[in-house]
Every structure is written in structure tokens, then in C-alpha cells.
Amino acid sequence: MIEVRNLGIAVPGFSLKGLSFTVPDNAYGILMGPTGCGKTTLLEAVCGLRKTRQGTVTLHGRDITRVRPGERGIGYVPQDGALFPTMTIRDQLAFAMQLRKWDKAKQQQRIEELAELLGIGHLLKRKPRGLSGGERQRVALGRALAFRPEVLCLDEPLSALDEETRGRMIELLKRVQRHEHVTALHVTHSSSEAEQLGTHLFRLVNGGIQEDTA
Amino acid sequence: MNLLSPSNPQDVHRSLGLIRRRAFGAANAAAILAMSSAAVLVVLVVAVLTLRGEAPLIQTEDKRADTAPLRLYCAAGVRPTVEKVLADYETRYGVRVEVHAHGSGTLYGQIKTEVELGTAPDLYLTAEDSYLDQGRSDGTIAEVIPIGVQRPVLIVAPGNPRGISSLADLAEPASDIDFGIANEGAAVGKKTRAIARDMGILDAIEQRRKTEQETVVALVDAVRVGALDAAVVWDTIAMMTDGVEIIEDPHPAFREHVSRIGIAVVATTERPTEALRLARFLSARDAGLAMFESDGFEVVDGDVWEEDPRIVLYCGSMFRAVFEDTIAEFCEREGVTIDPQWAGCGKLVAQMTALLESGVEPDRFPSAYLACDVQFYDSIHEYSGQRIFGEGTIVSENDIVIAVAKGNPHDIRTPEDLLQPGVRVGVCHPTESALGTLTRQMLSSERFNNIYGRVQAQKSVEVDVGPTLVSQILAGGLDAVIVYRSNVMSSAANLDELEVVEIQDGESGLARAVQPWSIAEMSEHKQLMERLFLALRSEESRQRFESAGFHWRASR
Amino acid sequence: MPDTPPTPPSETAPRRVRSDVPFFTVMVAIGTSYLALILAMLWADWRFTSFAEIGKALSDEAIRFSITLSLLTCTISAILSVWVAVPIGYLMSRYRFPGKKLIDTVLDIPIVLPPLVIGISLLILFQTPAGRWMDTTFSDLMKLIGADGIRGITYEVPAVVLAQFTVAAAFATRTMRVTFEQIDPRPERVALTLGAGHASAFSRVALPQAYRGMTAAFTLAWARSLGEFGPILIFAGTTRMKTEVLSTSVYLEFSIGNIHGAVAVSMLMVALAMVVLLVTRLLGVGREVV
């Protein structure tokens, strides 16, 4: 469960405050809003990449407002993937596990599992250079899921994809959420994505959050 | 970025890619980079350290070899010669010298700054004498030893295609010769203008010159590459440069306006003795100067090289109290040994005469003589037609006075009062000491009514030197003595028991001894003696003389 | 617009683009003129020297010493410069903090100051009580490790390195800052969410991407060090077989009127610099990085 209460974030140029919403366990939350309204900022604050001024962020009842990003246990999929340019795909998938000092066999098993789930087995030896948009997103997704986070934050993961790929990605995301049992928070400006993926829909408008109970 | 992929065809890149992947892939790149570069750094530093060992010091038992090298700032044009001399010095004595070369003027400026900072070198070798004078007057430089001279000369392209024979040719109104001279900031520029002034062509030269350069090197190069037809530069640099020809201008002004090359000890050096020893080596006629001479320099009459020379010095006994400390300090600083012979001047002259008659070795003969009176110098400065001593320079004067017991119980006012019955009189021997001779001359004169014979008859004692008479009167054995004022004032305590009676000689100079200093012609350490003379003329020395009752006559 | 014809355009007529020939002619001509200047200088140098002269220079023990010393000190200075440049460049490119503009300006001082001023400043610095203490301590340290050839810092080899480093590090810092500014910070942020601290994010994600920049910084620092002259002259002196490096060798040879020797040493420097730059570029990346 992701619970955001009365959150205020310092952003140069505009201010976000009094933001509250709750994504229940294993739900797929969609955060919508027009470009430049602060969706990404809010997502980053949840991930711990932005300082908050007030309010709390709680994951499954644990207050993580002051917890360092690496200790929050959130899988983060940024826009365009933001892959590590110098690492092979295998290394990227292994990154979080290495930091957690998982043993080698367990790492290997998890990489294979993710590669199969996301269909990126043929890419493992490559580096990000030259990957297609869909491939990048799948790798970014795998990298974020590798350490079995309970929460997944996705920042416009489908915006740069063509129509066909997007359809396949939506299916993939659904499958992933089921398979990995994650609570997702997905930022987008596309209402079709919201319709196809979302179980809970939030709109960020005029600096406040409204929950669509549709 | 494609090179970072392993698919690169080139082997080098593949293996490098491997290394890089190891470094940047799984493991901690920063740590690996830092450690590997640190390892490289250590290797390089070790290489630098061992690089230093290439020129091993010649280990001598002398502990000087263990101390830091001496530092010498050297006029760039002289450096090649100086380095040869220094190599010789290092081989012989294991003393290393670091040379930093540049233009004399720049170096001088640098030394002045560094004297402030405390980083100044030990020695300064300049090719321009003006800096030596400046340095001495502003206190940057202590001792200076001359080495040689440079002369301005005219240089032209090889074969002298323009047929130039004199500086005057360049000044001809009709001439189209392109020539350059150094600017006034450079010593050679000053000398060139002085020469032109003497030749009466200064205005023409200033108007006709094509360029004015800051350094001689630039002028030499300009002539060499053909940008100029002629230039006036130092002969030494011209001789060391291929591709230019020197034209001897017969005008005497060219021989007159020369620049001295000299080695100076920087005032702030913490190792004056070592610095001076090196300076002596550089300027010794059978060491440094020989090298300078073979490199085409015109050199001075330098000293003979001895690491620790022993020098005999003759001084009238009157100077013992005022000169002994100065000599000791000088020896300490220079690292030399001086044996002063303190004696009555009559005796000293007799000894010198005897030495000359027996065909003395130069090192046994006094290198210099500080005479009690000019007449002793006169009597020895030539001997059987040969000059024995150089020009004498007056250092001081000393009054002849009558010393009596405090309160002047016999009320002695003039020499004639000595003839009172019962007055016990002491005088000096008329031939063995200057004081005795001068006493005789004074009292034999008309002015003092020729009373010498009567004083002689009256006298109780006749001794070699004035100090003995002072001791005797202090002991109460005499009532009046004819001595130098300095004999009385040699100790401040004397004035508690004695009183000085002036002898009024009415400006005749009869009651006054005049003391000249002179250096022996045969001395093998004339330069050293010049420096001792400088020490003799120093402010401290002056105070010693004056507080002892001498009148100071020397200029610094 | 320069390529719009002056004649009144007809809306329907097919547009005719002017020939590209003048454009490329001008570009190539300007480019070539500079290249020609460089080559002409080298050619002129060559006229003043010969293999025999260079051989003569190489046979001089003092020149060989100065080559070795130059190579060693330049490499040491360059490595030290990169060490300093990487943290500064990273911090300056990634974080905002009060006084950043001021620090930025301070970091540029060694670039804008005349080299002589750097030399004087270093010289004065090491005459302060703290500087003297460092000098003597360093000297004692050298004695302790048995390298009593180096007697302190001022006028010794460490002064050469310090003089080179002071200027070279400023250039390296600049290069590293630009490098990190061009590297997308988002992957580092992702690394943070994946469980990394700032240290691992820097070392595993940012630094590997800066490899080319570091090569460039190293090369630049090395080249600056090789050409460094003024500060060395003042702070390290130009003592033969001790602190004389190639740039000072050239100057010294020239100042005593030995233009052939000066040019011979210059040519050695040109050769040395080209070899080192080429090797570094081959090791670093195939492409131009500076």
C-alpha cells in the first residue's frame, strides 16, 4: 500500500502541497495530469529522489519520508529507461542484487526469470546502445524488479513507444504486476493507458489530487 | 562509445576493452582507478628519485659533501665556461653547485626580490659591473671578486660583405647599412652609447640605427639570419657564436668602455665561507680564470688557487688593538689563514729588506703591509729599482701625544716641559719603531727648538714600541711618555690613570703619523688582500679605529 | 537569408539552391591556412636543425636528463591533476550550493593568471612559516626514505611538479566538469533507488561514463605540463641536471645564443608531444576527445 499524506514538495517555479492519495496493496495506481503539472516530481518524491517539505509517505504502514532512496524498496522505472550506458544488460539486471550481496546462483536464477518474463534473454550480453524504445523499457523494468520490490514506480514508460509496441507493453505490465505481486504507481498523460491498466486513477490538477472513482 | 564494445576488430582495443570492462563493469571503478593510478604514480616518483642518483657525488671525507649544494645565479652568456669550472670543482672537492642562468640584470632583480623572501642564492656571477656596484650599495651583495672583462665589438655577417671597418662607417649619412644596438637598459647598450659619444657620432648612431634590442642575443641572431648588417655586442658572446664575424674597431673608445665580469657573494648567504671558497676558485688564475681565458675572455690578475691559503701580513704594532678582530672575522668568513706580524715598523721594514735580499719566496713575503707611517711605506715600496708594493692608500692618522699620570703632577704642557729636572721620560727607539723615528723628527725640528738631544739625555728609558711605554707609566716607573694617542686609548681603563697632553704642532704634521695600506706586487693573493682592505675600511673597523683615538681617513 | 536569390522569387518555380562549392572552399581555405601555419613553423624549425643537431642534443647528458625529467614530472602532474579534477568536476556539475559561482571563479584563477604570477605566488607561499615547515618536513621525509638528493620543495624537483600541477589541474578540472555536465544524471538517480549510495552511484555509473573525459583531462594536463615554463623558471629554477625540463632547456639554449640547440630541443619536444598524444588517444578512444 502506498499512502501519501498532505505532501508538500519544493520545486523551483511552482509549489506542490497538501497532496494526499492511497494506492491499496496489489492495486495499479495511475497518476494523470497535463504536461508540466508536477507528476514526475511527485513520483520522484515518493522514490526519495526529491526532498519533501511537509507530509508523509508510507509504504505498507512504514513511514519512509526520511528514508534514503536505496532503502525504500521501490523499483523505479524512469522515462526513457535511463539505462546505465557502460553496463551490459545482464549487469544492469544484476545491479541491485549485487548491491544486496545476493549469492551468485540466486542472481543468475532471477536474471533468467526476468529475461523470460520480459523477453530480453537475447539482449543480456549487449549494452544499451542501439536498443529500441520497447527493449529499453523492458530492460529498465527488469532492472527495477530485480530485487523483488513491493512497489513499482513508473514514469511515462510508454510515451515514447509506437502504437503496436505500446499495446504489447501494456499486456506485459499487466502480466508483470500479477506475476510479481507489486503495487504500482504509474505516471502518464494518456487516458487510454489509464483505462487499460489502472485500478485506481488519480488526477493532479491545479496543484491538488482528485481520485477518480470510475 | 563503440570502442567500449567488445566487438571492436583491433586487438589493442579488444584487450583494452577487457581491462576496461573489468575496471568499470562489475567492480568499483573509482577504487580501481585510484589504486592503479596511485601505483603508476609511485613508480614514477621512484623513477624521479633514482634519476637523481645519476650523477653520484664524489665522496670525500670533507663533510661539506653532505650538505646542500651551493646555488649560483649566473649570467647566461658565461654559463658554459662556468659549468666547466664547476665540474672541476666538484671533482676536486665534492661540492655540488646548482646553476641558474639568465640575463645579468634579470638575475640581479630576482636576487633582490629573493633576498626579501629569504630564498636568494649564495652566489651571483654577473657580466655587467653596474649591478655589482648597485648590489654593494643596496646591501644585496657582500664580497665581489673580479674575473674578467667584456668589450663591446662590432659584428657583421661572415666575410664582411658590406666592408664595414668601424662604428663610424655606420654613422655615415650616406650609408645604407642596417645596424642595431642594445637599448639603454642593457649594459652593452650603455657602453655602445658611451663609445659613440666619445667618437662624436652618438646622434648619428641614434638616428641611423634600424633597431634597438633588449638583449645581445637578439642582436647576434638578427645579424646571423641577415636581418641586420651589423650590430654592437659583447665580444665574448660574439666569439662563442658561429655565423658572425667580429670587426676590430681601432678607436680607443672601444678599449675604454668595457664591462667587468665578477663573482659576488650574496649578502644573505648562510654559508659565506663555502661560497667564498667557490668564488675564490672561480676567480683563481690557475683554476677558473684559466678556463675563462681559454674560452676567449680577457681575465684579471687573479689569485693563485689554494683551498686554505696561509697569508703573511705585516702590520705596525699600533694596529694590533684595532685590527686584530677584523682580521679574525675576515679569516673566519673567508676560510683562510692570515698570520699578521705585529711589530714596530722599523723592524718590519728591516725584515722585508732582509727577505728581499735573500730572494724571498712570494708566500713568505707579506702580501700586504699596513704601515705605521707613510715614510715606512715610502722606504720599502721600491727596492733596487723594483716595485715591491702597489699604490698606498691612507687609512688613518694617529696623533703623537705626551701621556702623563692623572692630574698631570709635573704640569707638563709642551715637549719642552719634559726637560724639567726629575721628570722621568720614556721614548721610542728612533730607528726600530715609527713612533721613535717620528719623535726624533718632531723634536729635532726648529718648531720644537731642536730639543731631541736634550730629551735623549733626559730620558729614563727607550723601548721598541709605544704600548711598552704606556705599561711603564701605568706601573709608575715613568712620569711622561711620548706615544700615539691610540697607545693610550687602547684600553678605556688607561684613561682612569693617565692624561693626554696634546702636542701643538701648528698644522705642521710633525706630531702626527699617517698610515697607508698597500698590497705587495709579488703577492699571489692580491684579490684576497683587496677584500681584507675592504674589511679594514668597513664601518665596524672604522669604529674600532676611532674609539682607539685614530683619525679615520679611508673612504669606504 | 544568404542563400535566397535577390531576384523576386516566383512562388511556383522550382527553388534553386546555390552551389555548395563556395561554402566548402571558404571553410577548407580557412582551415587549411591554420594548418599551413603550424606546418610552416615546423618546417622553419627544421631548417635550423638537422638529425645531426638533434643527435648532438640527445648525446648531451643534461638534455637527456631534462627529457626524462619532463616525461616523469608531466605524467605525475597529469595523474595528480586528474585525481583532483574528477571530484571537483563531479561536485561542481552535480550540486548547487552557496558560493558556487565564487568557487568556479577561484578555480579559473590558474587559467587566467599569467604563468609568472603562479610561479611567484608559489615561491612566496613556500617562504611563509607553514611553507618552510612543509619544505623542511618534506626534506626530512626524503632523507628518511633515503632520497636525500631532494632537499625540500623550492628549487627542487617537487617544485617542478607543483608548478606544472597548479596550472594543469585547472585545465583538467574544467574538462572534467564539462564531461560530467554532459553525462545524464538520471542513471545515477536510478542507481540510488536500486540500493546504491552516492559513492557507488558515482563509481559504478558516473565514473565509467567519464572515461573519455578523463583521458582528455589527462592529455590536456600532460600537454600543459610539458609546455609549462614561467612558474618552473621562478619556483623551481633552471638548474642543469636537477630541475631543468625541456621547456626551460629551450629557453636556456636560446638565451645563450645557441639557436640550433634550442631548435633541436624544440623538435624533440614536438616529437615527444606527438607520440604521447597519439598513444593516449589510442589508449583512450579512437576519436578526437579534446
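Thresholds, definitions, all that
Residues numbered from 1 in each chain as written. Chains lettered and ligands numbered in written order. Predicted model: local features only at pLDDT ≥ 70, side-chain atom pairs only at ≥ 80, totals over all residues. Heavy atoms only, no water. Helix = DSSP H or I, 4+ residues; strand = E, 2+ residues; numbered from the N terminus. Buried < 20%, exposed > 50% of the residue type's maximum accessible area, 1.4 Å probe, protein only. Contact = heavy atoms within 4.5 Å. Areas by Shrake-Rupley, 256 points an atom, 1.4 Å probe, with all protein chains shown as cover. Salt bridge = Lys/Arg side-chain N within 4 Å of Asp/Glu carboxyl O. Axes fitted to C-alpha atoms, helices over the stretch in contact; angles between N-to-C directions. Parallel < 35°, antiparallel > 145°, perpendicular 65-115°, else oblique. Left-handed = near helix turned anticlockwise from the far one by under 90°. Pairing = 2+ DSSP bridges. Patch = residues over 30% accessible without salt bridge, like charges linked within 9 Å, V, L, I, M, F, W, Y side chains within 5 Å. Buried area = accessible area lost by both parts, 1.4 Å probe. Expected span 1.5 Å × (residues − 1). Polar contact = N/O pair within 3.5 Å; in protein donor to acceptor, adjacent residues only side chain to side chain. Phe/Tyr/Trp six-rings, centres within 6.5 Å; stacked < 30°, edge-to-face > 60°. Lys NZ or Arg CZ within 6 Å of the ring centre and 35° of its normal. pLDDT = per-residue confidence, 0-100. Disulfide = S-S within 2.5 Å.

What follows is about the overall build of chain A. What chain A contains, in helices and strands, is six helices and 10 strands. Within chain A, the proportion of its 214 residues that are buried is 56%. Sequence separation of 24 or more characterises 70% of the internal contacts of chain A that already satisfy a separation of 6 or more. Accessible area of chain A: about 9400 Å², with a carbon and sulfur share of 46%.

The next point concerns the overall build of chain C. Check the secondary structure of chain C and you find 13 helices and zero strands. In sequence order, chain C lays out its α and β elements as α-α-α-α-α-α-α-α-α-α-α-α-α. Buried positions account for 49% of the 290 residues belonging to chain C. When contacts within chain C are restricted to residue pairs at least 6 apart in sequence, those whose partners lie at least 24 apart make up 72%.

A few words now on the pattern of salt bridges. Side chains that differ in sign of charge can pair as their charged atoms come close. Applying the stated criterion across every chain yields a total of 51 salt bridges over all chains. A salt bridge links E3 of chain A to R5 of chain A, with the nearest nitrogen and oxygen atoms 3.2 Å apart. One salt bridge connects R177 of chain C with D104 of chain C, and the closest N-O pair in it is separated by 2.7 Å. One end of the pair, R177 of chain C, is in helix α7 (residues 157-182); the other, D104 of chain C, is in helix α4 (residues 100-112), with 73 residues separating them in the sequence. The exposure class of R177 of chain C is buried, given its relative accessible area of 18%. D104 of chain C gets classed as partly exposed once you look at its relative accessible area, which sits at 27%. What you see here is one network of salt bridges that share partners, running through E397, D399, R485, E502, R512 and R553 of chain B.

What follows is about unusual backbone geometry. All names here are of chain A. With phi around 45°, A82 is a residue other than glycine that occupies positive phi space. As for its position among the elements, A82 is in the loop between β6 (74-77) and α2 (89-99). Residue E156 is not a glycine yet carries a positive backbone phi of 40°. As for its position among the elements, E156 is in the loop between β7 (151-155) and α5 (163-180). Using a relative accessible area of 7% as the deciding quantity, one classes E156 as buried.

Turning next to the packing of helix α14 (residues 320-334) of chain B against helix α23 (residues 539-547) of chain B. All names here are of chain B. The geometry of α14 relative to α23 is characterised by a closest axis approach of 8 Å and an angle of 160° between their N-to-C directions. As far as their axial angle goes, α23 and α14 are roughly antiparallel. Crossing angle aside, the handedness with which α14 passes α23 is right-handed. Facing α14, whose interface residues are V322, D325, T326 and E329, α23 presents S541, R544 and F545.

Below, the discussion takes up the sheet that holds strand β7 (residues 211-213) of chain B. Residue and element names in this part refer to chain B. Pairing within the open sheet is mixed, and its five strands lie in the order β7-β6-β8-β5-β9. Where the open sheet ends on each side, the last strands, each with one partner, are β7 and β9 (245-247). Each strand axis lies, on average, 35° off the axis of its neighbour in the sheet, ignoring direction. The sheet strands contacting helix α9 (residues 216-224) are β5 (152-156), β6 (179-182), β7 and β8 (230-234), and the helix crosses β8 at an angle near 145°.

Right, let's talk about a nonpolar patch on the surface for a bit. A cluster of nonpolar side chains, F23, F24, M27 and V28 of chain C, forms an exposed patch at the surface whose accessible area comes to about 430 Å². Within the secondary structure, F24 of chain C sits in helix α1 (residues 21-47).

With that settled, the discussion passes to the interface of chain A and chain C. Many authors give the size of an interface as the accessible area that is lost as the parts come together. Each partner contributes residues to the interface: chain A has 25 residues there, and chain C has 16 residues. In total, chain A and chain C occlude about 1800 Å² of area from one another, counting both sides; carbon and sulfur atoms represent 64% of this. Contact with chain C buries surface across chain A, with L49, F95 and L99 of chain A losing the most and accounting together for 26% of the total. For the salt bridge of R186 of chain C with D80 of chain A, the shortest nitrogen-to-oxygen distance reads 4.0 Å.

Residue and element names in this part refer to chain A. The four strands are arranged β2-β1-β4-β5 in an open sheet whose pairing can be described as antiparallel. Edge positions in the sheet fall to β2 (14-23) and β5 (62-63), since each of these pairs with one other strand and no more. Across seven bridges, strand β1 (residues 2-11) lies against β2 in antiparallel orientation. Counted as the bridge partner of I9 is L16 from β2.

Below, the discussion takes up helix α7 (residues 187-199) of chain B. Residue and element names in this part refer to chain B. Helix length check: α7 (13 residues) gives 18 Å between terminal C-alpha atoms against 18 Å at 1.5 Å per residue, within 8%. Counting buried positions over the 13 residues of α7 gives 10, a clear majority of the element. Taken as a whole, α7 has its buried residues at A187, V188, G189, K191, T192, R193, A194, I195, A196 and M199. One or two steps after α7, the chain reaches G200, where phi turns positive at roughly 75°.

On to the side chain of E397 of chain B, then. Residue and element names in this part refer to chain B. When you line up the elements, E397 lands in strand β17 (residues 393-405). E397 sits in the buried class, given a relative accessible area of 12%. For E397, the side chain forms a polar contact with the side chain of R512, separated by 2.8 Å. Within the local environment of E397, its side chain forms a polar contact with the side chain of R553, the two groups lying 3.2 Å apart. Residues within four places of E397 in sequence aside, it is in contact with R512, A513, V514, Q515, F550, H551 and R553.

For the rest of this paragraph, the subject is the packing of aromatic side chains. Summed over the entire model, instances satisfying the criterion amount to 25 aromatic pairs over all chains. Centroid distance Y89 of chain B to Y93 of chain B: 5.2 Å. Interplanar angle 55°. Geometry classified as tilted. One end of the pair, Y89 of chain B, and the other, Y93 of chain B, are both in helix α3 (residues 79-93), four residues apart, so they sit about a helical turn from each other. Across the pair, exposure class does not vary: Y89 of chain B and Y93 of chain B are buried alike. Between Y93 of chain B and F281 of chain B, the ring centres sit 6.3 Å apart and the planes meet at 85°, which makes this aromatic pair edge-to-face. Pair noted here: Y93 of chain B is in helix α3 and F281 of chain B is in helix α12 (residues 272-282), with a separation of 188 residues, a long-range link. No difference in accessibility class separates Y93 of chain B from F281 of chain B, as the two residues are buried. Grouped by ring-pair contacts, the aromatic residues Y89, Y93, F281 and W305 of chain B constitute a single cluster. The cationic tip of R100 of chain A hangs over the ring face of F147 of chain A; the distance from NZ or CZ to the ring centre is 4.0 Å. Lying over the aromatic face of W102 of chain A, K106 of chain A brings its terminal NZ or CZ to 4.5 Å of the ring centre.

Moving on, we get to the confidence of the model for chain C. All names here are of chain C. Residue-level pLDDT values for chain C average 85, and 91% of them are 70 or greater. Mean pLDDT in chain C bottoms out at helix α12 (residues 246-255), which sits at 78, and peaks at α7, which reaches 94. Per-residue pLDDT stays below 50 along residues 286-290; that stretch engages in 10 contacts with residues further than four places along the chain or on separate chains. The complex prediction reports pTM at 0.63, with the ipTM value standing at 0.90.

Residues and elements named next belong to chain B. All chains considered together, the criterion is met by one disulfide over all chains. The disulfide bridge from C345 ends at C372, spanning 2.4 Å between sulfur atoms. Note on the C345 and C372 pair: the S-S dihedral is about 85°, so by sign convention the disulfide is right-handed. Taken as a pair, C345 in helix α15 (residues 345-357) and C372 in the loop between β14 (368-370) and α16 (374-380) lie far apart in primary sequence, 27 residues in all. Neither residue differs from the other here; C345 and C372 are each classed as buried.

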